[in-house]
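Working through the structure, step by step
What follows is the residue order along each chain.
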Amino acid sequence: MAQAGSEGGDSQGRWTRPWESPSRPPGRRAFLRFAAAAGGAGLLASCSRSSGSSAVSEAASRTASPAGPQAGSTVRAVGASSSSPPSSAPPSSADWTALGHDLSGTLVRPGEAAYNVAKRQFDPRFDTLHPAGIAYCRDPHDVSTCLAFVRKYGVPVAARSGGHSYAGWSSSSGLIVDVTRMAGVNVSGTAATVGAGTHLIDFYNGLSAHGRVVPGGSCPTVGIAGLTLGGGVGVVSRAFGLTSDNVTSLQIVTADGLLRTCSASSNPDLFWACRGGGGGNFGVVTSFTFATHPASEIILFFLSWPWSRAARVISAWQSWAPHAPDELWSNLHLAAAPGGSIPSIQVGGTYLGSVTAASRLLEKLYAAAGSDPSSPFLEVSPSWLHAMLVEAGCASLTVNECHLPTQNPAGQLSRASEYAKSDFFTKPLSSQGIGTLLSGVESLQRVSGAPGGAGGIAFDALGGAVNRIGPGATAFVHRDALFQAQYTTTWPVGSASAGVARQHAWQQSFWQSMRPYASGQAYQNYIDPALTSWRQAYYGANFSRLTQVKGTYDPDRLFTFPQAI
Ligand SMILES: Cc1cc2nc3c(=O)[nH]c(=O)nc-3n(C[C@H](O)[C@H](O)[C@H](O)COP(=O)(O)OP(=O)(O)OC[C@H]3O[C@@H](n4cnc5c(N)ncnc54)[C@H](O)[C@@H]3O)c2cc1C
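Conventions adopted
- Residues numbered from 1 in each chain as written.
- Predicted model: local features only at pLDDT ≥ 70, side-chain atom pairs only at ≥ 80, totals over all residues.
- Heavy atoms only, no water.
- Near = heavy atom within 4 Å.
- Polar contact = N/O pair within 3.5 Å; in protein donor to acceptor, adjacent residues only side chain to side chain.
- Areas by Shrake-Rupley, 256 points an atom, 1.4 Å probe, with all protein chains shown as cover.
- Pairing = 2+ DSSP bridges.
- Helix = DSSP H or I, 4+ residues; strand = E, 2+ residues; numbered from the N terminus.
- Contact = heavy atoms within 4.5 Å.
- Axes fitted to C-alpha atoms, helices over the stretch in contact; angles between N-to-C directions.
- Buried < 20%, exposed > 50% of the residue type's maximum accessible area, 1.4 Å probe, protein only.
- Expected span 1.5 Å × (residues − 1).
- Core = buried A, V, L, I, M, F, W, Y, C linked by side-chain atoms within 4.5 Å.
- Parallel < 35°, antiparallel > 145°, perpendicular 65-115°, else oblique.
- Left-handed = near helix turned anticlockwise from the far one by under 90°.
- Nonpolar A, V, L, I, M, F, W, Y, C, P; charged D, E, K, R; others polar.
- Disulfide = S-S within 2.5 Å.
- Phe/Tyr/Trp six-rings, centres within 6.5 Å; stacked < 30°, edge-to-face > 60°.
- Lys NZ or Arg CZ within 6 Å of the ring centre and 35° of its normal.

The subject of this paragraph is the site of the ligand. The full set close to the ligand counts 33 residues, and Ala-159, Ser-161, Gly-163, Ser-170 and Tyr-523 are the nearest of them. For the ligand, a nitrogen atom lies 2.8 Å from a polar atom in the backbone of Val-233. Here Asn-525 contributes a side-chain N or O atom positioned 3.3 Å from an oxygen atom of the ligand. Across the complex, the protein chains shield 96% of the 950 Å² of accessible surface that the ligand would expose by itself.

A word on the pairing of strand E8 (residues 191-195). In the sheet, strand E7 (residues 185-188) pairs with E8 via four bridges, with the strands oriented antiparallel. If you follow Asn-186 over to E8, its bridge partner there is Thr-193. Linking E7 back to E8 in an antiparallel pair, the connection comprises two residues, with Gly-189 at a positive phi of about 65 degrees. Two elements, E8 and strand E12 (residues 284-291), share five bridges in a ladder whose sense is antiparallel. Bridged to Thr-193 within E12 is Thr-289.

By the secondary structure assignment, His-164 is in the loop between strand E5 (157-160) and strand E6 (175-178). There is a polar contact of 2.9 Å between the side chain of His-164 and the backbone oxygen of Gly-162. Within the structure, His-164 has its side chain in polar contact with the side chain of Thr-221 (distance 2.9 Å). Excluding residues that lie within four positions of it along the chain, His-164 makes contacts with Phe-122, Cys-219, Thr-221 and Val-222.

Another point: the sheet that holds strand E14 (residues 299-305). Paired through their backbone hydrogen bonds, the strands of a sheet run either parallel or antiparallel. A sheet is described by the order of its strands in space; here seven strands give the open sequence E17-E14-E16-E15-E19-E20-E18, paired in antiparallel fashion. In this open sheet, the two strands that pair with only one neighbour each are strand E17 (377-380) and strand E18 (417-425). Across this sheet, the average inter-strand angle for adjacent strands is 15 degrees, counted without regard to direction. The sheet contact formed by strand E19 (residues 454-461) and strand E20 (residues 483-491) spans eight bridges and is antiparallel. Paired with Phe-459 across the two strands is Ala-485, which belongs to E20. Strand contacts of helix H10 (residues 310-320): E14, strand E15 (328-336), strand E16 (344-351), E19 and E20, with the helix running at about 155 degrees to E15, the strand carrying the most contacts. Helix H13 (residues 431-443) rests against E15 and E19 of the sheet, and its axis sits at about 50 degrees to E15.

This paragraph deals with the pairing of E19. The element E19 is extensively covered by neighbouring structure, given that eight of its eight residues are classed as buried. Residue alternation in E19 divides its side chains into two sets, Ala-454, Gly-456, Ala-458 and Asp-460 and Gly-455, Ile-457, Phe-459 and Ala-461, and both sets are buried. As defined by bridge partners, E15 adjoins E19 across six bridges and the pair is classed as antiparallel. The residue of E19 that forms the bridge with Leu-332 is Phe-459.

Turning next to helix H5 (residues 140-153). Look at H5: 20 Å from first C-alpha to last across 14 residues, which is about the 20 Å you get at 1.5 Å a residue. Counting buried residues in H5 gives eleven out of 14 residues, a clear majority hidden from the surface. A positive phi of about 65 degrees marks Gly-154, the residue just after H5.

Let us look at the nonpolar core. One broad trend across soluble globular proteins is that nonpolar side chains are buried collectively. In terms of nonpolar packing, the biggest core is built from 143 residues, with Leu-175, Phe-288, Trp-317 and Phe-425 touching the most fellow members. With seven residues, helix H11 (residues 355-369) is the largest single contributor of residues to this core. Other than its neighbours up to four places away in sequence, Phe-288 contacts Ala-192, Thr-193, Val-194, Ala-196, Ile-224, Ala-225, Thr-228, Leu-229, Val-247, Ser-249 and Leu-250. With twelve residues, the next largest nonpolar core counts Leu-385, Cys-394, Cys-402 and Ala-416 among its residues.

Quick look at the environment of Phe-543 now. Relative to the elements of secondary structure, Phe-543 occurs in helix H16 (residues 543-553). Since its relative accessible area comes to 17%, Phe-543 is described here as buried.

Where H10 meets H11, the closest approach of the two axes is 8 Å, and the angle between their N-to-C directions is 140 degrees. The orientation of H10 with respect to H11, classified from their angle, is oblique. In the packing of H10 onto H11, the handedness of the crossing is right-handed. Facing H10, whose interface residues are Arg-312, Val-313, Ala-316, Trp-317 and Trp-320, H11 presents Leu-361, Leu-362, Lys-364, Leu-365, Ala-367, Ala-368 and Ala-369. Taken together, the residues of the contact of H10 with H11 sort by class into ten nonpolar, no polar and two charged.

The next subject is the state of the cysteines. Tallied over the full model, the rule gives one disulfide. Through a disulfide, Cys-394 is tied to Cys-402; the S-S separation comes to 2.1 Å. As the torsion about the S-S bond is roughly 75 degrees, the Cys-394-Cys-402 disulfide counts as right-handed. Take Cys-402: its relative accessible area is 0%, and that puts it in the buried class. With no disulfide partner, Cys-219 has as its closest neighbouring cysteine sulfur the one in Cys-402, 8.5 Å distant.

Looking now at unusual backbone geometry. Of note, the phi angle at Asn-267 is positive, near 50 degrees, even though the residue is not glycine. Among the secondary structure elements, Asn-267 is positioned in the loop between strand E11 (258-263) and helix H9 (268-273). Positive phi, normally seen in glycine, also occurs at Arg-557, with a value near 55 degrees. Note that Arg-557 resides in the segment after H16.

Before going further, it helps to spend a moment on the packing of aromatic side chains. Here the structure, examined in full by the defined rule, presents 24 aromatic pairs. Between Trp-534 and Phe-543, the ring centres sit 6.0 Å apart and the planes meet at 85 degrees, which makes this aromatic pair edge-to-face. The same class applies to Trp-534 and to Phe-543, which are both buried. The ring of Trp-272 has Arg-545 sitting right over it, with the charged end atom 3.9 Å from the ring centre.

Now for the sheet that holds E6. Spatial ordering of the open sheet is given by E3-E4-E6-E5, a layout of four strands whose pairing is mixed. Edge positions in the open sheet fall to strand E3 (106-108) and E5, since each of these has one partner strand only. When strand polarity is set aside, the average angle formed by the axes of neighbouring strands in this sheet is 20 degrees. Pairing between E5 and E6: four bridges, direction parallel.

Pasting the structure below:
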C-alpha cells in the first residue's frame, strides 16, 4: 500500500489522487478540481465573511405570546409586519428601493453593476435566469422584511444558500433571499451553531479549529442550508449519520414572517420536516445548531483496478462496503468520456482508526475482488481539515483558495455544469444488473458529446448510523438502502448544446436501464426536474406528513417551486 509522498504525491511532495491524471475522466468528487484547472470564470453570488456571532445573532425584538401552529413553541417577531395589506399592483421601482432601504443587508437589482454576479447559481446553465432582486440578508429581521414584501406584492421568492440546486430552484423570477451573509461557525462545548449561509469548507474549517466533526458532503462550495434540509451524505455518514441527523435545533423564518426555534421540544413537527424534507419548502432557515463529534484520526484511501476487473470489483464492493464496521465509509466510481478510451473504476473511502485495522478491512475487499488494486493509496490524514480539503478536491489549496473567487478573494475554484440523477439500492446488484451497469458506462464512449465532457456513476455506501434511524423519525425516509447512486454527466462551460444534449440523453437512458435493479427512491438533494414520481421517490411514506406540516406553516404556499411539498 502506497503512502503519501510516493504514489499520489506531486512534484512538491503534495498529495494528489491517483485519478487526477487529466487523461482520465473525473469522478464526481474529482470534477471540481478539473473544473478549477480549466480556469473558467468562477463566479457566484458573494458570500460574506461575517463572524459566527453576528451570523447567529437574532434581530428578534420580542418574544411573542405562544401563537400560531404550536402553542408553547418559540416564536419571535422579527421586524416587518406580517399584516401589510396585499397590493393589487406589482411593486414599483420605488417599492423595491424602499425594500432595499429597509434591509440592513444589501438588495441588488437588475441594471446594477453587481447584478450579473449576484444572480448566478453554481451551475452556469442557470445564467439565463433573471430574478427581479437578490437580497443579501444580514439577519432574520431582513428575511422577515423580504417575506413581508413578497407577501404584499405577490412576488415569487426563493431562499438561497450555496446555490447548488441541480434544478436552479434557489433562483426565482422574483426575489432571491440569499443567506450567505449569515455565515459562520460558533462552537460551544460539543454544540456548534452555524449560520445558514456557511459554505461546507468553512463549516469544516470552523469545526476543525475546535477538534470537532459533523458529517457533511464533499463539495466545498455547497451551502449548509440546502445540504442539511435535504439530508446530507458525506464521508463519515456511516459513523455519524446524515448532516440532518446531527441537528439539535434550528432557527427559521416562516411564511408569516415569524422567527421560530425548532427542536425536539419546540415546533417539533417543523423540526421533523426540516431534517430531510428538502430545502425551500417551509421557510428560510437562518441558523442550525448541531451536535458534534470529537475529531479522531482519519485515514483516506483511493484504489483503482483495470476496467477488465470491474465486474468482480463491483460485486465485491457491494457485499463489503455497506456491511463494514461504521468506521469505514466508501464509494465506488465508474467513469467514462464521450468518445473516450477505456472507462475507469475507483474505490475511495475513509476509515476512523488505525492503519492496521484499515488495511485488514481493505484486504477483505481485495480477496473478494480476486485481485489487488493496480493503484492503491492510503494516507493517515494529518488533520480532519486536511481530509476534508482532499475530499473537496482541494488537496493542494488553502481553505481560502478552496472557494469560488466571489466567495473568497483567494478562491481558485470555478463554477461547473452537471446533470444529475439518483437512485437508492436496497438489494445487491445481480450479475445481470452489474452487466447492465457496465454497458451503461461503456455506452458513453459511443456518444458524440461535448469535447472534454465526462459522465459516470458514483455509489456511496450507506448502512451504519444512517440506517439505525427509523424512516419516520425524521423526514429523511431512505433508511434501508445498502448504497445510493448518482448518475452524472459534465461538460466544459460554453460547450455546444448538441453534444451536451446527447450526453444528457445518454444519462437518462443509462438511468432508465437500471430501473429493474434500483429501489425507486431518489435523493431529494439530487433534485431532478425530470423525475415524475418525485413525491414517492424523495419522501415515500413521509410525504403525507410533510404536506400537513406545509399546510400548517405555509398554508398559502408562499414557498413554491415545481417539486415543492
Ligand atoms: C457539485 C456538487 C456536489 C455535491 N455533493 C454532495 C455531497 O457530497 N453530499 C450531499 O449530500 N449532497 C451533495 N450535493 C447536493 C447538495 O446537497 C444539494 O444540491 C443542496 O441542495 C445544495 O445546497 P445549497 O445550499 O448549496 O443550494 P441552494 O441552491 O442554495 O439551495 C438548495 C435548495 O434549498 C433551498 N434553500 C437554500 N437555503 C435555504 C434556507 N436558508 N432555508 C430554506 N431553504 C433554503 C433552496 O431554495 C433550494 O430549494 C452536491 C451538489 C453539487 C452541485
